[in-house]
Each structure stands twice: as structure tokens, then as C-alpha cells.
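Chain residues, written in single-letter form:
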Amino acid sequence: MREVIIIGSGPAGYTAGIYTARAGLNPLLIASSVEAGGELMKTTEVENYPGFPTGLQGPELMDAFRAQAERFGTEVLLDDVIEVDLTGAIKIVKTGGGQTFEAKTVILATGAAYRELGLPKEKELSGHGVSWCATCDGFFFREKTIAVIGGGDSAMEEANFLTRFASKVYLIHRRDTFKASKIMQERALANPKIEVVWNTEVAELLGEGKLSGIITRNTVDGSTKQLDLDGLFIAVGNDPRVWLVENQVELTAEKFIKVEGRSSKTSLPGVFACGDVIDPTYRQAITAAGSGCVAALDAEHYLADVK
Ligand code: NAP
């Protein structure tokens with residue numbers, strides 16, 4: 001029986017690993033088979049993580065998180081959790097690789113997943129011109145015309161990054177102001193390869209087997225237009241990954257895992273949650289890391305109490 005199992009390997013999960021390992025709790029961290037490291041593995045330059053004044057690449061930061069967690073004895077398993085039973089005093093965690101683990105506490109750090117536009121053909125064209133990851137796919141759009149959808153920090157970051165490859169980047173946003181932070185907006189607005197298309201949403205994806213363009217709809221007057229494109233990058237936010245536990249722990253109205261006050265305590269004793277899966281507001285690497293620390297301390301206190 002484990003003292004602690006951590007599910008998730010973003011900044012929250014690895015920080016929970018660092019703290020619980022240093023507390024001598026020999027944590028098992030189940031990191032996913034293909035997405036270990038979480039969303040930062042798909043990002044480029046991270047400029048706002050304190051301690052790195054000249055910035056560093058997202059994957060580099062996550063490698064450092066992992067190395068630090070492992071240094072103190074966190075066991076990292078590259079597998080996917082497919083089922084859990086967290087309701088009893090002994091928590092059961094099953095993986096896609098066929099293993100079943102038992103633990104006294106579980107820390108949920110499952111993060112958030114990219115949001116889709118919900119249009120017909122979106123899945124079919126994914127990987128064939130439609131992408132959610134500029135870092136992964138940008139290289140394929142050298143000297144091409146592409147569009148980025150969204151008005152948040154992710155859309156600004158992706159649009160700027162993609163100008164390294166593409167000859168033209170349309171930045172399409174449904175309103176007439178961006179949600180992104182000022183510095184990120186200013187960078188996108190100053191980039192000569194980026195053309196902002198305000199008050200516009202995607203009505204339809206075009207192309208058979210490969211994206212050829214989109215039909216846009218003006219959100220003010222409803223008018224539509226065809227825009228020929230080689231690539232479309234969707235950066236419209238993300239939703240908390242709660243499917244594993246949604247029938248077991250209490251969720252908020254917005255479907256985040258509900259925690260008690262500033263703690264990481266969920267509605268189930270011995271089950272803690274941290275990072276983007278509990279956070280509808282801040283969702284930064286640094287806030288997720290801080291929240292992972294909270295969860296580790298809460299788990300440690302809980303284990304001391306049950307003893
Ligand atoms: P976000 O802040 O939630 O922004 C999502 C954007 O997509 C919004 O502008 C939203 O429009 C738009 N949108 C949502 N659904 C849409 C739809 N169906 N069709 C068209 N547009 C849609 O998400 P994010 O940009 O991914 O950022 C997530 C979090 O990560 C944020 O807290 C952000 O600060 C952080 N982040 C930080 C950095 C950085 O600091 N370097 C980089 C990336 C992300 P509305 O504006 O109309 O709501």
C-alpha cells in the first residue's frame with residue numbers, strides 16, 4: 001500500500017512529488033503514457049516562471065521539475081490512469097498498462113485539456129491542417145498562410161511563435177478586445193506578419209482529408225466569408241480534466257474539482273486536488289506549482305492524523 005499516489009505530471013503534480021518525497025512518503029506519480037509533463041510540454045518560451053530571468057523552454061522546465069521530484073525519491077510511472085475508486089479509506093488506482101495500486105491518499109493534478117470549437121470535421125482534420133499545438137506542428141507551415149483562433153495568452157503566444165514559419169498569420173477573435181495580458185497583446189499587435197480579424201468566429205471548416213480554408217462569421221452583423229488557409233491553430237482555452245473522478249468527488253458549477261477554501265481538500269477524505277483542475281482563474285505554471293505544494297502538505301497532515 002502506498003502512502004501517496006499523485007495523478008498528473010504538470011507543475012502541480014511534480015511539485016506535490018517534490019514535497020511528499022521530501023516528507024519521506026515515497027510517492028508514486030502516474031505521469032501519463034504520452035503526455036507526461038502536461039501542457040508546458042507543448043509551449044515554447046516560458047518567460048514568467050520566477051527564478052529564470054532569461055526564460056527557458058516549457059519542456060526544459062518540466063524536465064527540471066521531474067528531475068527534482070525524482071531526486072528525492074518520487075517514483076514516476078509513464079502510464080495512464082483509467083479508473084479510480086477513491087470513496088473508501090483505501091484508494092484504488094488502475095492504469096491502462098494493467099496495474100492496480102492502493103494508496104492511503106491520492107493527489108489529483110490532472111490539469112486541463114485543450115478546448116475544441118465543436119465544429120463538424122474538426123476531429124477528421126485534426127493533424128491534417130488543424131492543430132492545438134504550435135510547438136508540435138508549426139514547422140510544417142513554412143511559408144504558408146495560417147490562422148490562430150482565440151484572444152487569450154495562448155492565442156497570442158501561438159500566433160507570435162508561428163510567424164517564425166508562416167508567411168502570414170490571421171489572428172481571429174470573436175470580440176473586439178483581447179483577453180490576453182497587455183504584454184502578450186502588444187507583441188502580437190506589433191508583429192507585421194500577424195493580421196488581427198476582430199469580431200469573427202469560425203462557422204465551418206473546409207477541405208476533404210486536409211484543411212483548405214474556413215468560413216468565418218462576423219459576430220456583429222452575421223456576414224460570412226471564405227478564407228483560404230493551409231493551417232488552423234485553435235487556442236480557445238481549456239477545460240479541467242475531471243472525467244476520472246466526476247462521479248466521486250464534488251465539482252463546482254463550472255466543473256472544476258471543488259476544494260475547501262484555500263486548501264486542496266476535496267469532498268472525499270484522503271483525496272486532494274491541485275493545479276489547473278481546481279483553478280478557473282489563474283492557471284499559471286507558478287500558481288499550479290504552489291497549489292501542488294499545498295496538496296502535498298495537506299496529504300502529509302492527513303496521513304499524520306490518521307496514524
Ligand atoms: P483563456 O485565457 O481562457 O482564453 C481563451 C480565449 O479563447 C478567449 O479569448 C475566448 O474568448 C476565446 N474562446 C473561447 N471559446 C471560444 C470559441 N468557442 N470560439 C472562439 N473563441 C473562443 O485561455 P488560454 O489563452 O489558453 O489561457 C489559459 C490560461 O493559461 C490563462 O490563465 C493564461 O493567462 C495562461 N497562459 C499564460 C501564458 C503566459 O503567461 N505566457 C501563455 C499561455 C497561457 P473571449 O475573450 O471572448 O472569452
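The following paragraphs examine the structure supplied in this document. Just so it is clear, the model here is predicted, and its values are computed rather than measured.

## A closer look at the state of the cysteines
Scanning the model with the defined rule gives zero disulfides in all. Note on C274: no disulfide assigned, nearest cysteine sulfur contributed by C293 at a separation of 9.9 Å. Its relative accessible area of 1% is what places C274 among the buried residues. Residue classification places C293 among the buried residues on the basis of a relative accessible area of 16%.

## Side note on the site of the ligand
Residues in contact with the ligand amount to 20 residues; listed here are only the nearest, N48, D153, S154, R174 and R175. Contact distances for the ligand include 2.7 Å between an oxygen atom and a side-chain N or O atom of R175. Coverage of the ligand by the protein chains reaches 80% of its 910 Å² of free accessible surface. The dominant element in the shell around the ligand, judged by the number of residues it contributes, is helix α4 (residues 153-162), at three residues. The class makeup of the residues in the shell around the ligand is five nonpolar, eight polar and seven charged. There are two domains that each give the shell around the ligand at least three residues, and those are domain 1 (2-114 + 238-306) and domain 2 (130-234).

## Quick look at the environment of V259
Relative to the elements of secondary structure, V259 occurs in the loop between β18 (238-240) and β19 (271-273). For the pair V259 and V249, spaced ten residues apart in sequence, the C-alpha to C-alpha distance is 9.6 Å. When near neighbours in sequence (up to four residues on either side) are disregarded, V259 contacts S264, K265, A273 and I278.

## Concerning the packing of helix α1 (residues 11-22) against helix α6 (residues 285-306)
The geometry of α1 relative to α6 is characterised by a closest axis approach of 7 Å and an angle of 40° between their N-to-C directions. Comparing the axis directions of α1 and α6 gives the class oblique. The hand of the α1/α6 crossing is right-handed. Contact residues: P11, A12, T15, A16, Y19 and T20 in α1; A285, A288, A289, G292, C293, A296 and L297 in α6. Counted by class, the contact of α1 with α6 contains ten nonpolar, three polar and no charged residues.

## Looking at the pattern of salt bridges
Enumeration over the complete set of coordinates arrives at 13 salt bridges. Between K104 and E3 there is a salt bridge; the shortest N-O distance is 2.9 Å. Pair noted here: K104 is in strand β8 (residues 100-108) and E3 is in strand β1 (residues 2-7), with a separation of 101 residues, a long-range link. E250 is paired through a salt bridge with K258; the nearest N and O atoms lie 3.2 Å apart. By relative accessible area, which is 40% here, E250 ends up partly exposed. For K258, a relative accessible area of 38% puts it in the partly exposed group. Connected through salt bridges with shared partners, the residues E35, E39 and R241 form a single ionic network.

Here is what the cut-offs are and how they apply
- Residues numbered from 1 in each chain as written.
- Predicted model: local features only at pLDDT ≥ 70, side-chain atom pairs only at ≥ 80, totals over all residues.
- Heavy atoms only, no water.
- Disulfide = S-S within 2.5 Å.
- Buried < 20%, exposed > 50% of the residue type's maximum accessible area, 1.4 Å probe, protein only.
- Near = heavy atom within 4 Å.
- Polar contact = N/O pair within 3.5 Å; in protein donor to acceptor, adjacent residues only side chain to side chain.
- Areas by Shrake-Rupley, 256 points an atom, 1.4 Å probe, with all protein chains shown as cover.
- Helix = DSSP H or I, 4+ residues; strand = E, 2+ residues; numbered from the N terminus.
- Nonpolar A, V, L, I, M, F, W, Y, C, P; charged D, E, K, R; others polar.
- Domains from an automatic or database assignment.
- Contact = heavy atoms within 4.5 Å.
- Axes fitted to C-alpha atoms, helices over the stretch in contact; angles between N-to-C directions.
- Parallel < 35°, antiparallel > 145°, perpendicular 65-115°, else oblique.
- Left-handed = near helix turned anticlockwise from the far one by under 90°.
- Salt bridge = Lys/Arg side-chain N within 4 Å of Asp/Glu carboxyl O.

Treat this as a map of the structure, not an account of what it does.
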